Amino acid sequence: LNMFYLTKSSTYKTKRLVEPTEKDIQSSIHLLQELHAGWVVVLNRISAQKLQLKFLHQEHGTRFNLAETIGNCARHSNHHYQHMVQAIESKGSHNE
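Just so you know, the residues in each chain are numbered from 1, in the order the chain's sequence is written. Given that this is a predicted model, residues contribute local features only at a pLDDT of at least 70 and side-chain atom pairs are listed and counted only at 80 or more, while totals for whole chains, interfaces and linings are drawn from all residues. The side-chain numbers reported here are obtained from all heavy atoms of the structure, hydrogens and water having been left aside.

**Quick notes on the overall build of the protein**
Counting from the N terminus, the helices are the DSSP runs of H or I reaching at least four residues and the strands are the DSSP runs of E reaching at least two. In terms of regular secondary structure, the protein is built from three helices and four strands. Order of helices (α) and strands (β) in the protein, N terminus to C terminus: β-β-α-α-β-β-α. Taken over C-alpha atoms, the radius of gyration comes to 17 Å for the protein, far larger than the 12 Å a tight globule of 96 residues would show. By principal-axis analysis of the C-alpha atoms, the protein measures approximately 50 × 35 × 20 Å. Accessible area is worked out with a 1.4 Å probe on protein chains only. A residue is then buried under 20% of its type maximum, exposed over 50%, and partly exposed in between. By the burial criterion, 3% of the 96 residues in the protein qualify as buried. Across the protein, contacts joining residues at least 24 apart in sequence account for 10% of those joining residues at least 6 apart. The atom set for the radius of gyration is the C-alpha atoms, and the globule formula is 2.2 Å times the number of residues raised to the power 0.38. The contact rule is simple, with two residues in contact once any of their heavy atoms fall within 4.5 Å.

Structure follows, in structure tokens:
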């Protein structure tokens, strides 16, 4: 298992804490599957009217509606998914 951290120069670094086991990996996959299933239930129940509700994003100082935010979260999640795919395909060689 790796720890990810941000350096003073704003670059991400990883540090290997322990070697992952098959059980660790399967538990993580199960957690992601359950999280995704929960989001599907919630998102399918939100009305079109509620998707237009806006909020002020504290970091950006910009107003976003819920539909935009869900789209941004989906893109961001896909970005992290692609990192996992690369890690699997490289068998961890990108961390060496």
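Now that the structure has been shown, the text picks up again.
**Looking at the confidence of the model for the protein**
Per-residue confidence for the protein gives a mean pLDDT of 84, with 92% of residues at or over 70. Predicted confidence in the protein is weakest over strand E1 (residues 2-6), with a mean pLDDT of 70, and strongest over helix H2 (residues 48-51), with 96. One number per residue, pLDDT, summarises how confident the predictor is, and it ranges from 0 to 100.

**Regarding the pairing of strand E4 (residues 62-65)**
Strand pairing is assigned whenever DSSP identifies at least 2 bridges connecting the two strands. Relative to E4, strand E3 (residues 54-57) runs antiparallel, the two sharing four bridges. In the sheet register, Phe-55 faces E4, and the bridge partner there is Phe-64. Count of turn residues in the E3/E4 antiparallel hairpin: four residues, of which Gly-61 carries a positive phi of about 70°.

**Quick look at a nonpolar patch on the surface**
Taken together, Leu-32, Leu-35, Trp-39, Val-42, Leu-43, Tyr-81 and Met-84 make up a surface patch of nonpolar side chains, about 670 Å² in accessible area. Residue assignment for the nonpolar patch shows that the elements contributing at least two residues are helix H1 (22-44) and helix H3 (66-90). Looking at which element gives the most residues to the nonpolar patch, the answer is H1, with five residues. Checked against the element boundaries, Leu-35 lands in helix H1. Candidates for patches are residues over 30% relative accessible area with no salt bridge; among them, like charges are joined within 9 Å and nonpolar side chains (Val, Leu, Ile, Met, Phe, Trp, Tyr) within 5 Å. Method for areas: the Shrake-Rupley scheme with a 1.4 Å probe, in which residue coverage is limited to the protein chains shown. What counts as a salt bridge is simple: a side-chain nitrogen of Lys or Arg found within 4 Å of a carboxyl oxygen of Asp or Glu.

**Overview of the side chain of Asn-65**
Within the fold, Asn-65 resides in strand E4. In protein, a polar contact requires one atom able to donate a hydrogen and another able to accept it; more generally it is a pair of N or O atoms within 3.5 Å, and residues adjacent in sequence count only if both atoms are side-chain atoms. In this structure the side chain of Asn-65 is engaged in a polar contact, spanning 3.0 Å, whose partner is the backbone nitrogen of Ala-67. Engagement of the side chain of Asn-65 in a polar contact is seen with the backbone nitrogen of Glu-68, the distance being 2.7 Å.

**Description of H3**
For a helix, the expected span equals 1.5 Å multiplied by the residue count minus one. Relative to the 36 Å expected for 25 residues at 1.5 Å per residue, H3 spans 36 Å between its end C-alpha atoms, a close match to the ideal helical length. The N-cap residue of H3 is Asn-65: its side-chain oxygen and the backbone nitrogen of Ala-67 are 3.0 Å apart. Backbone geometry just downstream of H3 places Lys-91 in the positive-phi region, at approximately 55°.

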